Structures are given as structure tokens and as C-alpha cells.
Amino acid sequence: MSFRGFLLRDHFDTLLTALHKLGAHCVGPTVMDDSIHYTTLTSSTQLPQQVHDHQGPGHYRLSTSTESRWFAWANGAQALKPLVFVPQEILWRSERDSEGNLQFSNSKQEPPLTAVIGVRACDLAALALQDQHFLDGLEQDSAYARRRQQLILIAVNCTHPSANCFCHSSGDGPEVKQDYDLLLDELDDGFAVRSASPMGEKICQQLQLEALTNSQQDEIKHANLRAIEQQTKHLPEGNLEQALKNLQGSGRWQQIAERCLSCGNCTAVCPSCFCHSQHDEPAANSMSSAHIRQWDSCFSHGHSYIHGMVIHNETRFRYRQWLTHKFSGWFEQYGRSGCVGCGRCITWCPVGIDVTEELHALAEEYDNV
Amino acid sequence: MFDRQTPHEAIVVRRTQESDTIFSLGLRFSDDELNQQYRFQPGQFNMLYVFGIGEVPISIVSDPQSTDEVIHTIRTVGRVTRVLEKLKPGDRLGIRGPFGRGWPLASLQHRDILVVTGGLGCAPSVSIINYIMRRRQQFGRMAIIQGVKHSEDLIWRERYKEWMQLDNTQVLLAADVASHGWPWHVGLVTELLPQLDLDVSQAATMMCGPEMMMLATAKQLLEKRASAQNIWLSMERNMQCAVGLCGHCQYGPDFICKDGPVFSYADVQDRLPRRNI
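What counts and what doesn't
- All residue numbers refer to positions counted from 1 along the written sequence of the respective chain.
- Starting at A for chains and at 1 for ligands, labels are handed out in the order in which the entities are written.
- Restriction of local features to residues with pLDDT of at least 70 applies here, the model being predicted, together with a cutoff of 80 or more for giving and counting side-chain atom pairs; totals for whole chains, interfaces and linings are based on all residues.
- Hydrogens and waters are ignored; side-chain quantities use all the structure's heavy atoms.
- Strands here are runs of E lasting at least two residues and helices are runs of H or I lasting at least four, both read from the DSSP assignment and numbered beginning at the N terminus.
- We take the radius of gyration over the C-alpha atoms and set the globule estimate at 2.2 Å times the residue count to the 0.38 power.
- When accessible area is computed with a 1.4 Å probe and restricted to protein chains, residues below 20% of their type maximum are described as buried, those above 50% as exposed, and intermediate ones as partly exposed.
- Here, two residues are considered to be in contact whenever any of their heavy atoms come within 4.5 Å of each other.
- Lines fitted to C-alpha atoms define the axes here, with helix axes fitted over just the stretch in contact, and angles between the N-to-C directions of these axes take values from 0 to 180 degrees.
- Orientation is classified from the angle alone, with under 35 degrees giving roughly parallel, over 145 giving roughly antiparallel, 65 to 115 giving roughly perpendicular, and any other angle giving oblique.
- Each residue gets one of three labels, nonpolar for Ala, Val, Leu, Ile, Met, Phe, Trp, Tyr, Cys and Pro, charged for Asp, Glu, Lys and Arg, and polar for the others, Gly among them.
- Should DSSP find at least two bridges between two strands, the strands are regarded as paired.
- In plain words, nonpolar cores are sets of buried Ala, Val, Leu, Ile, Met, Phe, Trp, Tyr and Cys residues tied together by side-chain atoms within 4.5 Å.
- Note on terms: buried area is the combined drop in 1.4 Å-probe accessible area of two parts once they are placed together, counting the loss on both.
- What makes a salt bridge here is a side-chain nitrogen of Lys or Arg within 4 Å of a carboxyl oxygen of Asp or Glu, nothing more.
- An expected span of 1.5 Å times one less than the residue number is assigned to each helix.
- Summarising the geometry, the arc corresponds to the directions from the helix axis toward the C-beta atoms.

This part takes up the overall build of chain A. A tally of helices and strands in chain A yields 13 helices and 15 strands. The C-alpha atoms of chain A give a radius of gyration of 22 Å, which matches the 21 Å a tight globule of 369 residues would have. For chain A, the spread of C-alpha atoms along the three principal axes comes to 65 × 65 × 35 Å. The burial tally for chain A puts 57% of its 369 residues in the buried class. Sequence separation of at least 24 residues holds for 71% of the intrachain contacts in chain A that already meet a minimum separation of 6.

What follows is the structure, encoded as C-alpha cells:
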């Protein structure tokens, strides 16, 4: 998409105003609990000011700088996932009358129009994966579909990948190429704006945009190239799908299990992980009950429970399930790997297990067999 | 389309105690229109919902052409089945389904059929036997091998004895551990395969039960020149949504709830030998 113009930093709030006028609830990055969180945004003053993030295996810290930019960081623990596939929600309710008759109903409530500001290329790639899973399968997930329809995606190209990022290697970033409404490139004094949808156009019409200079366009190109160069992690070359199928008996799974706590942090922060469990919460008067789904993890004990036994009864089987699904099974299910290179599973792993390192070790083992 | 993501109210019309821990529930939708709309294939399953407790996946054992009730044979083993066990005729529950890919029975007409099952009241295999017994002339020879851990675990002993008397039908029973007076084989189901009086290389084999039993049987059948595409098995994993969304039933790249539960051996032979997948 070509540039629509340049939005001065001082005019950024006109974007929020335009979105509010459309009836959208704005969500964007803010600093909370020493990390970047997506929360309700009413003013640009809430955006991270003079903040960088520093990530490493099991490590996330923010530091202050003299940085004038608001998006000079890679990411926080959240992606778009909690906004569409929410951590917990009621799927349906049942009511029981005094004669024992049951009635079932599901919520058809329309979620609010939600504009997300600061979406990264990895987040968009993960959203496309979740769309495939929740919308394009045998049956649509109606709760997901309702929220997804209400999203306005305002992406900001990532210029500060973290030490855990490998989106260039996974083929998902750092440059946003598609599936957005608006795309912003942040420069010192403002944002270059591109639009890729009728909604994006509608918003652009509300903005005071200046002409974009050639030198600004060059700067954007360079920033993207620099963001690629900054990425030090990468996925192994070769056919991981086949390698992992062949390595189910590898001793590496046990070596990983000696470090892995089976806590499920990696699956919670993973923007593509979709597992969820369902349970009932009956009301105290036992006349109604809510059937609830909540995020689950293939690292939980109950995930593979079946009539009295747990199939993945050891950590090595759980990690094997997670990694094999993400980097092998996903190809057959959805035509590509389930990893978008955001690096969150490395950052938020309490013992710093690095998925790229494990994949390199496994790929090497496969090459040597 | 029939909503399969929200339960519909059903009434227990019949309850049969099959053994100490196994019982069957015959169910009808309260809304008669749903009874007319509802269609299933043998080998498919429903999610049964107990008010305030939760859902559990249960195979359908009744005949697809019988519309007066949908029968589920259930073993009491967990939180939901312990409550299902207490339901009486007239009680209400929720039902949604049917789910999954059933047995390919429609494409097996005039073929010889081998059914191998292990374990207690293996419901998916009962649906095959019931289906074929009702349409006996449409199929060739039929052999049933049923294995149980302990001879006391065998349910439907009378039914097996009746089937033993039928023409073109062979029933072989085995118990790993047998109490006094067990007239049949003591040992594994695989040890009964040489006694089959049908040509396994031509027959269609359908199996359900412990994975290692199905694997050992399939291997022996392949040695006897059966083709992997002619062996089917019903797989089991944790299921919560039943429509391929919740992720619990993944078995390699397959979602058992929608890609199965019935698979050809050719589809799963890469994974079946490995435990904890």
C-alpha cells in the first residue's frame, strides 16, 4: 500500500478522536507493572514514553531513555489473542426449573467495536493463524467470530526487535505487509500513515495528514532493514515438520524436561496457542449453570486426561506435544508453522528455555541420524 | 443447520444396567422436530451434558435407522459419568452431536468383516455389530474377537452366545485372567487370530480398545497380507468441544473429534507404536 501522508506527533490524538467518533473503544500499549500492556487508551500521554524493553531468555525489563518515540520497544506479554480469544468466557447457560426441565441459551451479545493501536507484524500473523483455527474449520467459533468482526487493526512497524525476536526468520515480520486497517511508521516527529481497508480510508479522512517527503520514506526503509539486521535468533533451516515427526523418540525431550517446569507460561503468551477447556459453574441456588471456557495449556495435567489416565503424564511428553504441534502438526492442520517468531515463549519462560535453541539441537540431531 | 455447539434438552426414555459399572441410556430430544432431524453414523459420538456438572463424549450404539431413541452405553469412571449413572427414565439432560467420522460401513457391503475389541463394553464396536446384525444379508462372513482383562468383565455374555449360533458368524472370546468355568480362550486377543475362518487379507477389520492391542492386531493382520487401508480403528483422547477447536484431542496432526474417531490404520501407523502421543 502507498503512503497516505504524515501525521505529526502533536496531532496523534486526532487519530484517537477519529476512532472514538466511529464509536470504537481504543486499546493500546501502556506501561503497567513494569511491562508493556494493552489497555484502554484515551490519550497519547498513556503511550510508553521514553521506554525501551530488554528481553532475553526468562528476562524482561523496561528501561527509560531519552527516546522521543512511543513505540521504541518490541512487545509485551500480550498480543491480540486476549481480545478475540478471551481468557475466560461463558459459552452457554442452562436453566433448570422446579420440574427438572432444562433450557439452554447462548449469548449473542455484540462486542464493542475495538481499535487496537500498536499491532506488530507478528501479532497480525498470529491473528491470521487464529482466524484459520477459529473461523475456517469444520464449525465457526461464534464468540471469536463476533469479536473478530469488531476489530480495527492499527499496526505500527517494529523498529526495535528484542534479542528474542525471530519474526524475519519465521517469515512474519518485522515489516507489516497486509491484514491491517492502518499502518504507521514512527519517525521522530510523527507517523507515516498507510491504509489498507475501507475502514482505514474512513479514518484517514478524519486525520490532518501532511505530505510525506522522500527522505522520510528512505528513513522508513532503512528502519525496516535495521530491524531485520538486529534480529539475532533464527529458526533452523530444513524441514522441521519431518524432522520432528522422526524425532519423537529423541533423548532431547528428557533434557528439556529437566529444565521445563511445565508451567504453561509459553502457551499463555503464545499468540497462536488456542487450547481451551470447558467447565460448568452452577449458581448457588442450583437453578442455573454457566458453561465456561477458559484458556488451557498442553502443559497442564488435565489436558490429556482420559478416563482415569493422563496420556502426557511426564513433562517431556508435554513439551514434545507443544513443540511438535507448533512446528510440525500445524503444517498439516493449517499449511504452515504455528510460530510467528515473536519470541514471547522465550522471554516469559521462567527458566529461560529458548525454543530456537531447542529446535537447532533437534534439527542437528535429525541431520546426523 | 442443527446447532452442535449448544446442547439440546433430551429425556431419558430407558435405562439398562449392563454390568456393575456399565449402563445404557436411551435418549430422546424433548423437541420432536429434533428427533426427526437428528441423523448419525455408527462410530460417531455425542456430548452428553449433566446440569451443573459438565459434558462427556459418549459413543452412540443404537441403529442409525431407529429414530425412537438414541442409545449410549457408558462406563462409570469419572465426574460426569458418575452422575449419568444415577439418571432414571424421565430425567433430563443435554445432548449435542453427532460428532466425528464413523465406521465406513456403507462402503463395506458384501465384504467379510472382522471386529476386534478389547476392554470393557467397547461401545464403538458394539455399534458395528448391531448395525451388521440388523443387515446380516448385506455383509459376508463376520468374525468378532472380544478380549477382556478379567473374565468377570465380559458383558453381554448371552448376546455373544446367541451370535455364536448364527450362520457365517464366528465369535471368539478371550480373557487375560479367567475365573473358574470360563469356557473360552485365556490370553490375548492376538492369539485368537489364527483361529479365524475368514481370509483377513480380504476382510475389512474394525477395532476398538487399548492402543497396544490394536497395534499388535494390526501388525499380525499386515503379516497375513491385509492392507493398512482395510483396517480401521477408533481412537480416544480428551474431548471438550467436539468440533476441533479446544485442542485436547490432538493426535499428531489429527483432531480425533473431527478427523476421527475412526481412522484407517494407514492414517495413524506412524504414531500408533509410540506411547504418550
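Quick look at the packing of helix H11 (residues 315-334) of chain A against helix H13 (residues 355-368) of chain A now. All names here are of chain A. In the contact formed by H11 and H13, the axes pass within 12 Å of each other and the chain directions differ by 85°. By the angle between their axes, H11 is roughly perpendicular relative to H13. Residues Tyr319, Trp322, Leu323 and Phe327 of H11 lie in contact with H13, whose contacting residues are Val355, Glu358, Leu359 and Leu362. Looking at the contact of H11 with H13, its residues break down into seven nonpolar, no polar and one charged.

Residues and elements named next belong to chain B. Across the sheet, six strands lie side by side as S4-S3-S6-S1-S2-S5; this open sheet has antiparallel pairing. The sheet is open, and its two edges are formed by strand S4 (54-59) and strand S5 (70-75), each paired on a single side. Pairwise comparison of adjacent strand axes, ignoring direction, gives a mean angle of 40° for this sheet. Strand direction decides the pairing type here: strand S1 (residues 8-17) and strand S6 (residues 92-99), joined by four bridges, are antiparallel. When the sheet's bridge partners are listed, Glu9 is paired in S6 with Gly94.

A general feature of soluble globular proteins is that nonpolar side chains tend to end up buried together. Formed by 101 residues in total, the largest nonpolar core has its most connected members in Phe12, Leu15 and Leu19 of chain A together with Leu114, Ile145 and Leu233 of chain B. The greatest single-element share of this core, amounting to nine residues, is contributed by helix H3 (residues 121-135) of chain A. Those residues in contact with Leu233 of chain B that lie beyond four places of it in its chain are Trp103, Met207, Met214, Pro261, Val262, Phe263, Tyr265, Val268 and Leu272 of chain B. The next biggest cluster of nonpolar side chains, apart from the first, holds 32 residues, and it includes Ile22, Val126, Val148 and Trp163 of chain B.

Taken residue by residue, the interface counts 39 residues in chain B and 47 residues in chain A. Taken together, both faces of the contact between chain B and chain A bury some 3600 Å²; the carbon and sulfur share is 54%. For chain B, the biggest contributors to the area lost against chain A are Phe51, Leu245 and Asn276 of chain B; these three give 21% of the whole. Summed over the shared surface of chain B and chain A, the number is one salt bridge.

We now examine the pairing of strand S4 (residues 51-56) of chain A. Working note: regular strand, side chains alternate between the two faces of the sheet. All names here are of chain A. Of all six residues in S4, five are buried; the element is thus mostly enclosed. Pairing analysis gives six bridges linking S4 to strand S5 (residues 59-64), with the strands arranged antiparallel. The residue of S5 that forms the bridge with Gly56 is His59. Here S4 hands over to S5 after two residues, with Gly58 in that stretch at a positive phi of 65°.

The next subject is the pattern of salt bridges. Residues and elements named next belong to chain A. Evaluation of the coordinates by the stated rule reveals 30 salt bridges over all chains. Note that Asp123 and Arg344 form a salt bridge whose closest N and O atoms lie 3.3 Å from each other. One end of the pair, Asp123, is in helix H3; the other, Arg344, is in helix H12 (residues 344-347), and 221 residues separate them in sequence. Of the two residues, Asp123 and Arg344, neither departs from the other in class, the shared state being buried. A salt bridge links Lys245 to Glu332; the nearest nitrogen and oxygen atoms lie 3.6 Å apart. Of the two residues, Lys245 is situated in helix H8 (residues 240-246) and Glu332 in helix H11; the sequence distance between them amounts to 87 residues. Relative accessible area serves as the criterion here: at 33%, Lys245 is assigned to the partly exposed category. Within the structure, one salt-bridge network assembled from shared partners comprises Glu89, Asp141, Arg147 and Arg293.

Structural remark: α-helix, 3.6 residues per turn; residues separated by three or four positions point the same way. For H3 of chain A, spanning 15 residues, the distance from its first C-alpha to its last is 20 Å, which sits close to the expected 21 Å at 1.5 Å a residue. Most of H3 of chain A is tucked away: 13 of the 15 residues are buried.

In this section: the environment of Leu362 of chain A. All names here are of chain A. For Leu362, the location among the structural elements is in helix H13. Overall, Leu362 belongs to the buried group, its relative accessible area being 1%. Contact partners of Leu362, with chain neighbours within four places excluded, come to Leu244, Leu247, Ser250, Arg252, Trp253 and Leu323.

Okay, the environment of Asp34 of chain A next. Residue and element names in this part refer to chain A. Mapping Asp34 onto the fold places it in the loop between strand S2 (25-32) and strand S3 (35-40). A sequence separation of 26 residues divides Asp34 from Tyr60, and the C-alpha atoms of the two residues are 8.9 Å apart. Excluding residues that lie within four positions of it along the chain, Asp34 makes contacts with Tyr60 and Leu62.

So, on to the sheet that holds S3 of chain A. Residue and element names in this part refer to chain A. Taken together, seven strands build an open sheet; the order of strands is S1-S11-S10-S9-S8-S2-S3 and the sheet is mixed. Two strands close off the open sheet at either side, each with one partner strand: strand S1 (3-8) and S3. Taking the axes of each pair of neighbouring strands and ignoring which way they run, one obtains an average angle of 25° across the sheet. Bridge count for strand S9 (residues 151-156) against strand S10 (residues 182-187) is three bridges, and the pairing is parallel. Its bridge partner being in S10, Val156 is matched across the sheet by Leu184.

Next up on the list: the environment of Ala18 of chain A. Residue and element names in this part refer to chain A. Structurally, Ala18 is set in helix H1 (residues 12-21). Between the alpha carbons of Ala18 and Thr232 there is a distance of 39 Å; along the sequence they are 214 residues apart. Residues within four places of Ala18 in sequence aside, it is in contact with Ile203, Gln206 and Leu207.

Residues and elements named next belong to chain A. Taking 1.5 Å as the rise per residue, helix H7 (residues 214-229) with 16 residues should run 22 Å; its terminal C-alpha atoms sit 23 Å apart, in good agreement. Among the residues of H7, those classed as buried are Gln216, Ile220, Ala223, Asn224 and Ala227. Projected down its long axis, H7 shows its buried positions confined to an angular sector of 95°, all on one face. Away from its buried face by more than 90 degrees, H7 exposes Asn214, Ser215, Lys221 and Glu229. Buried positions along H7 lie against S1, S10 and strand S11 (190-195).

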